[in-house]
Number of protein chains: 2
Amino acid sequence: MNKLSKVQSAYIAGFLDADGSIYVKLTKNSTYKYHYQVSSYIVFYQSLSSNKSLSEIQQILGIGYLRKRNDGIEEFIIGDTSSIKEFVKQIKPFLIYKQKQADLILKILDQKEKTKSAEQFLALCELIDQFKELNYSKKRTVLTEVVKVTLKNLGLLTP
Amino acid sequence: MNKLSKVQSAYIAGFLDADGSIYVKLTKNSTYKYHYQVSSYIVFYQSLSSNKSLSEIQQILGIGYLRKRNDGIEEFIIGDTSSIKEFVKQIKPFLIYKQKQADLILKILDQKEKTKSAEQFLALCELIDQFKELNYSKKRTVLTEVVKVTLKNLGLLTP
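Bear in mind the structure is a predicted one, so any value in this text is a computation, not a measurement.

Each value, and the rule that gives it
- Residues numbered from 1 in each chain as written.
- Chains lettered and ligands numbered in written order.
- Predicted model: local features only at pLDDT ≥ 70, side-chain atom pairs only at ≥ 80, totals over all residues.
- Heavy atoms only, no water.
- Buried < 20%, exposed > 50% of the residue type's maximum accessible area, 1.4 Å probe, protein only.
- Helix = DSSP H or I, 4+ residues; strand = E, 2+ residues; numbered from the N terminus.
- Arc of directions from axis to C-beta.
- Contact = heavy atoms within 4.5 Å.
- Least-squares fit on C-alpha atoms with pLDDT ≥ 70 in both.
- Axes fitted to C-alpha atoms, helices over the stretch in contact; angles between N-to-C directions.
- Parallel < 35°, antiparallel > 145°, perpendicular 65-115°, else oblique.
- Left-handed = near helix turned anticlockwise from the far one by under 90°.
- Nonpolar A, V, L, I, M, F, W, Y, C, P; charged D, E, K, R; others polar.
- Buried area = accessible area lost by both parts, 1.4 Å probe.
- Salt bridge = Lys/Arg side-chain N within 4 Å of Asp/Glu carboxyl O.
- Polar contact = N/O pair within 3.5 Å; in protein donor to acceptor, adjacent residues only side chain to side chain.
- pLDDT = per-residue confidence, 0-100.
- Pairing = 2+ DSSP bridges.

A. The arrangement of helix α3 (residues 81-91) of chain B in detail. Residues of α3(B) that are buried include every one of B:Ser83, B:Ile84, B:Phe87, B:Val88, B:Gln90 and B:Ile91, and no others. Relative to the axis of α3(B), the buried residues are bounded by an arc of 165 degrees and lie together on one face.

B. A look at the environment of B:Phe15. Residue placement: B:Phe15 occurs in helix α1 (residues 6-19). For the pair B:Phe15 and B:Lys114, spaced 99 residues apart in sequence, the C-alpha separation works out to 32 Å. For B:Phe15, the residues in contact, after removing those within four places along its chain, are A:Gly14, A:Phe15, A:Asp17, A:Ala18, A:Tyr97, B:Gly20, B:Phe44, B:Gln46, B:Leu54 and B:Ile57.

C. Structural detail: the relation of the copies chain A and chain B. Mapping chain A onto chain B is achieved by rotating through 180 degrees and translating by 0.0 Å along the same axis, at an RMSD of 0.0 Å. As the rotation angle and translation indicate, the two copies are arranged about a two-fold axis. Both copies contact each other with a shared surface, as 100% of the interface residues of chain A are interface residues in chain B too.

D. Focus on the packing of helix α4 (residues 99-114) of chain B against helix α5 (residues 118-134) of chain B. Residue and element names in this part refer to chain B. Running from amino to carboxyl end, α4 crosses α5 at an angle of 165 degrees, the nearest separation of the two axes being 10 Å. Comparing their axes, α5 and α4 come out roughly antiparallel. Relative to α5, the crossing made by α4 is left-handed. For the pair formed by α4 and α5, the contact residues are Lys100, Gln101, Leu104, Ile105, Lys107, Ile108, Gln111, Lys112 and Lys114 on the first element and Gln120, Ala123, Leu124, Leu127, Ile128, Gln130, Phe131 and Leu134 on the second. Across the contact of α4 with α5, the residue classes break down as 9 nonpolar, 4 polar and 4 charged.

E. View of the interface of chain A and chain B. Chain A puts 25 residues into the contact, and the matching count from chain B is 25 residues. Summed over both partners, the interface of chain A with chain B comes to about 2200 Å²; 65% of that surface belongs to carbon and sulfur atoms. Between chain A and chain B we count 0 salt bridges in total. Remark: the boundary between chain A and chain B carries 6 residue pairs in polar contact (both at pLDDT 80 or more).

F. Quick peek at the confidence of the model for chain A. A residue-level look at chain A finds 97% of positions with pLDDT of 70 or above and a mean pLDDT of 93. Predicted complex, confidence summary: ipTM 0.91, pTM 0.92.

G. Just the sheet that holds strand β2 (residues 36-47) of chain A, in detail. Residue and element names in this part refer to chain A. Here 4 strands make up an open sheet; going across it, the order is β1-β2-β4-β3 and the pairing antiparallel. Across the chains shown, the open sheet's two edge strands, defined by having one partner strand only, are β1 (20-28) and β3 (65-68). Shown here is a sheet whose adjacent strand axes are inclined to one another by a mean of 35 degrees, direction ignored. In this sheet, strand β4 (residues 73-78) lies alongside β2 in antiparallel orientation, the contact comprising 6 bridges. Across the sheet, the residue bridging to glutamine 46 is glutamate 74, located in β4. With respect to the sheet, helix α1 (residues 6-19) is in contact with β1 and β2, its orientation differing from that of β2 by roughly 100 degrees. The strands touched by helix α5 (residues 118-134) within the sheet are β1 and β2, with β1 carrying the most contacts at an inclination of about 140 degrees.

H. Structural detail: the pattern of salt bridges. This model, assessed by the stated rule, comprises 14 salt bridges over all chains. The residue A:Glu113 makes a salt bridge to A:Lys85 at a minimum N-O spacing of 2.7 Å. Highlighted residues: A:Glu113 in helix α4 (residues 99-114) and A:Lys85 in helix α3 (residues 81-91), separated in sequence by 28 residues. As a salt-bridge pair, B:Glu75 and B:Arg69 come within 2.7 Å of each other at their nearest N and O atoms. Residue B:Glu75 is classed as buried on the basis of its relative accessible area, which comes to 7%. Residue B:Arg69 is classed as partly exposed on the basis of its relative accessible area, which comes to 25%. Connected through salt bridges with shared partners, the residues A:Arg67, A:Arg69, A:Asp71 and A:Glu75 form a single ionic network.

Written as structure tokens, this is what we have:
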């Protein structure tokens, strides 16, 4: 990722506060040890009808990728762990509205690396659950309680 | 309006680029000399469901007012000419996507003060029309051609 000036960091923070998202989600995937994948994202959105592309933001940062959704929204997505960490550390001092999400994603990425047991994985899931409230995401359904059932069924948790 | 630091200006520019609007519109109003009112706006938007209020942005700037729309969107509006001018001058160097709108609104506010005839008012309307394309505003219907018909009917234009 490019090193940003204070002015660039502040601009990006304003853009993200207005129309971006910071979140971590759980996805069912039985190829993973605990049968759930933990995915972290920083996403910027723009309506494609506006003819402005988020590629200018991407160029400033030098990370992430662009995606066109079927509903006419362009997304600029930062999905890899090391880019997210570096990005959040640079931007965080300038955020006004998404400070809590920034702190939480860093905490989760840190704790994820240290997760060594099903119990610790559940503790991680509880942190991830906090995004539901922080981001008012009504659609989030894969929560700790759901993961717990899977882990019990797999015999990974002591009952 | 408060004097902003570079970092504050850059943050606000990012916020406005992501989720704000700069525009001038014409509204039929027969109490005005040419029967159309010219109104200029800087508007920031946020979903009320997000529980974040734009009052923090308002406090940084020290101008404008907040409005809650019926559709759950909060607007922070800067509508008075002198605030808009000062705001745009401070923010403009940091804008990436709305540079043209910033230049255009300053040009219109300047030209508006100098308008002394119906012909000059139509020239002003032509500048205002440019926002239709810049902002992809499909709903804009009061354009120069409409004003021209009114001015002709009022006998203010030589046919």
